[in-house]
Amino acid sequence: MSAGDSFWRTPEMESFHTRFSAWTPFNNKSLNRQLFQERVTLISHWFDLWTNKQRQEFLFEIFLRCTKSQLRFVQDWFSERKQVAKVDFSTVLPRFISLYIFSFLSPKDLCAAAQVSWAWKFLTEQDCLWMPKCIKFGWFLPYTPTDNEYGAWKRHYIACVSHLDWLTPREAAATYGTLNESKTEDEELLERHREKCLRKRIWEKIALRRKELFKVRPPWVSGMGRSSMPKPKCQPRLSQTLRERAGSHEALEKQLVLTSLETLPKQSNISGSHSYPLLSKKNWHGVYKNDDSSSCALRPHFILISSRIPAYEMVVESVKAGVVSVVYEHSVTLESLLYLIEKALDGQKAQSMGIFSDGDSREINLLQGYKIGVKNLLKPEVRDFWEKLGSYVATEKEGGHVDFFAPLGASEAGTEVLSQLSQLTGTFFTAPTGIATGSYQHIFSDWLGAQWGKAPSSIYFSESKLQTWSSFTDFLEDTLKGVRKQLCPLFKELQKSISGRMIGQFMFDTMGMSNFLNNQEIAQALADGLMELSKEDSERNGVEDNSWDTKSRLSKNDLNFEALINLERMLQKDSAEKRTRVVRELLQSERKYVQMLEIVRDVYVTPLKAALSSNRAILSAANIQILFSDILQILSLNRQFLDNLRDRLQEWGPAHCVGEIVTKFGSQLNTYTNFFNNYPVILKTIEKCREMIPAFRTFLKRHDKTIATKMLSLPELLLYPSRRFEEYLNLLYAVRLHTPAEHVDRGDLTTAIDQIKKYKDYIDQMKQNINMKDHLSDIQRIVWGCPTLSEVNRYLIRVQDVAQLHCCDEEISFSLRLYEHIRDLSLFLFNDALLISSRGTSHTPFERTSKTTYQFIASVALHRLLIENIPDSKYVKNAFILQGPKYKWICATEAEDDKFLWLSVLQNAIKSRMEK
């Protein structure tokens, strides 16, 4: 401001003179106070609108600008009103939290804390603090303290410590003597100095270690037995407020579900207190590197048996003593299967491992959604599974091998799978090379590359029992369905392998040899088919050509060339002979198949039509048309196919073809399509006519399960068309395997295989849809109040029985929470939803058996389901939380294995659902 302007200043204007940018007047106190209050109100309003982080930054900036006197004013204000530093925490906190804090103190510190006050003395002498410290050293109390006695474990600890020998090595030598030679005075001084330095170094390391543990130890995790699982940086909170915020945002809800899956413990720590180490890729082949050659004889043989195998209980009972067997559910995941194998082997390495699962000559149906074949073998999760599995088996140099009980050696695709697995794991993989149509007797044929002096089936199983099972597989499965229904409730507390062995032993005991002799004709036919296919010529004579008589005049190179020529001719002859045998097996099996269809025509259709023509009708013409028109057309088609095969085999030679005949047959499969579409209607018509028409009921009773029908009923005979396509496919793959690449028939065989495979996939899909529909109907029937479950592509994955718990106080840490058992639940996991029902047990008077009832509670879509693990503590084991949009359930399984398998399957189902 210029000098001229100062003339116009007045006292009133001087009172409004301001300082810096605060616009606060110097001399006008009333106006100054008013402006200050307005600005304080404005800043307070801003402070209320800020977030917690913004408020903390503001307070931090304010405290940095404060002087020491201003900070002291804040400290005095807090000390007068809050008195934070003057409160005894043991008088404010609950007693169990105070004891939890004291549990981190050492015995010396506990004794020092006992001298603070009478209240601290009472708390620090509690037995729950001193008992773990005594048990840690193996000091057990020789008596049981009374209810009102406390401090017994502390006195016992002090008594045990007072009797310990705390002498240094020099003092111990002076007291007890020594066998060493006497030393000079200088040597004694030097040794004493070393002892002092060593003792000092040890105590420094101990103190440093305690500091490091104290820094990394979370104070409120899970107590003394806390989980080793690291807490995630952003653990989802399953509060109702968060659920309400995310209700209208599908993206956020999806992110919550995926985050909850990531926070679940893996195989390395499922319970929160125990660990099951998974091998890293670097250590897969180095885990057993300390095994010496002498341990090979102690390595066990290991067999995996799928519950999908027909009558698998009898397979379990056939396992030899000393062989480790594991029965697994078909619905588990690859990680769960590895966990079962690792737990069964218990740190050992198997000499050989057998995998007895459903499969064919191209792939093995190991698990639900995992058909192991050439197409999916190199997927990351599948490849990791086989690499880890190979680390549990001895290497090929040590004589280790993995045996598939599926005929993978009978096709090119199957042998390619075995070759890739051997290269991937370093372990030899083998499988049967024979094809036994209509049974599992291919496991008794030759095995690919077997060099152990005996068939792999004899390594794991008793061959007599396994032969019995393979001959009557279909009949035993139908019988065991009723046996399982009666015996499984009695064995539900046992492991699946133990209960399966007991049921299998029951079947073997109840089925005498007289039952087998009645079916001797069927068994002999199956055995003959196997022998015709798998029989190999033990001695082969070399083929000599007349043009090569002058061997003495040939040079060494000419002799080598001659040997190669002979070897090539022998291989060609061997391949031609095998190809001929497979084609003959195709003809023989087709003849048996046509004979079974002719039984339907001769035993059922002809008498019924004759009765209709003689005015003594048993069934109407319409019902006969519904039941048998399609099967008669199939008989006509296959009769023509059989005649073509027979004519071709009469003049068979290495250059002849069979692919064109099969291709022509494959182009006429619409006849089978009509049959399979009407198959459910046919079965319902049979049942309806059986109930409504007494004459038809008598007719079936007179003709079913007689010698003329091969001891089969009419519905069982109608099953043969659905099973025949699997046999066609296996035989055609075997023919192509032994057909040279330059052969004319190879292209037609590939076309025929594609036709049959496409139609077999269609049949399998129909079977799967019908089975899923029946399964859903059974669940809807047994669960009271259950909504409609029948939806397209829905199927059941797993059923898990759990206990529902209630937490008394959810504000404290997991390790300190107390739970009470409310009721029993059954969780039905589908591929798109989780059905939750209560489970009750009702007992019948004067009987030991009980009946289980289910009551519907809720169903949650998998893409809206959150999962949270509860670490194990001394109050709860094997627990987890299922959080839906409205409710949550705290559940606990009976065994730790059940929790791991359930969470693994549930996690995999949710991920699969989220990817769709």
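Residues numbered from 1 in each chain as written. Predicted model: local features only at pLDDT ≥ 70, side-chain atom pairs only at ≥ 80, totals over all residues. Heavy atoms only, no water.

An unreviewed UniProt entry annotates the protein chain as Epithelial cell-transforming sequence 2 oncogene-like isoform X3 of Sapajus apella.

(A) Spotlight on the sheet that holds strand β8 (residues 370–372). The 3 strands lie next to each other as β6-β7-β8, forming an open sheet whose pairing is antiparallel. Of all the strands in the sheet, just β6 (358–359) and β8 have a single pairing partner and so form its edges. Where β6 and strand β7 (residues 364–367) come together, 2 bridges link them in antiparallel fashion. For G359, the partnering residue across the bridge sits in β7 and is I364. Running over the sheet, helix α17 (residues 380–391) touches β7 and β8 and is turned about 65° from β8. (Pairing = 2+ DSSP bridges. Helix = DSSP H or I, 4+ residues; strand = E, 2+ residues; numbered from the N terminus. Contact = heavy atoms within 4.5 Å. Axes fitted to C-alpha atoms, helices over the stretch in contact; angles between N-to-C directions.)

(B) Just the nonpolar core, in detail. Membership of the largest hydrophobic core comes to 63 residues, with the highest contact counts inside it found for F628, Y672, F696 and F725. If you list the elements that add at least two residues to this core, you get α25 (556–613), α26 (621–650), α27 (659–666), α28 (670–692), α29 (694–703), α30 (714–717), α31 (720–737) and α32 (745–782). In terms of residue count, the dominant contributor to this core is α25 (15 residues). Every residue in contact with Y672, bar those within four places of it in the chain, is listed here: Y593, I634, L637, N638, F665, P721, F725 and Y759. Residues L304, I364, L389 and V402 belong to the second largest nonpolar core, which totals 38 residues. (Core = buried A, V, L, I, M, F, W, Y, C linked by side-chain atoms within 4.5 Å. Buried < 20%, exposed > 50% of the residue type's maximum accessible area, 1.4 Å probe, protein only.)

(C) Inspection of α31 at higher detail. With 18 residues, α31 ought to run about 26 Å at 1.5 Å a step, and its terminal C-alpha atoms sit 26 Å apart, in line with that. Most of α31 sits out of view: 14 of its 18 residues are buried. (Expected span 1.5 Å × (residues − 1).)

(D) Main features of the sheet that holds strand β18 (residues 888–892). Judged by pairing direction, the sheet is mixed, and its 8 strands sit side by side in the order β11-β15-β14-β13-β12-β18-β17-β16 without closing on themselves. With partners counted over all chains shown, the strands left at the sheet margins are β11 (783–784) and β16 (866–870), one partner each. Against the sheet, helix α33 (residues 896–915) makes contact with β12 (796–807), β13 (819–830), β14 (833–843), β16 and β17 (879–883), and its axis sits at roughly 115° relative to β12, the strand it touches most.

(E) Representation of the packing of aromatic side chains. In the structure shown here, the tally under the stated rule is 35 aromatic pairs. Each residue in the set F641, F665, Y672, F675, F676, Y679, F725, Y728, Y759 and Y762 is aromatic and connected to the rest through ring pairs, giving one cluster. (Phe/Tyr/Trp six-rings, centres within 6.5 Å; stacked < 30°, edge-to-face > 60°.)

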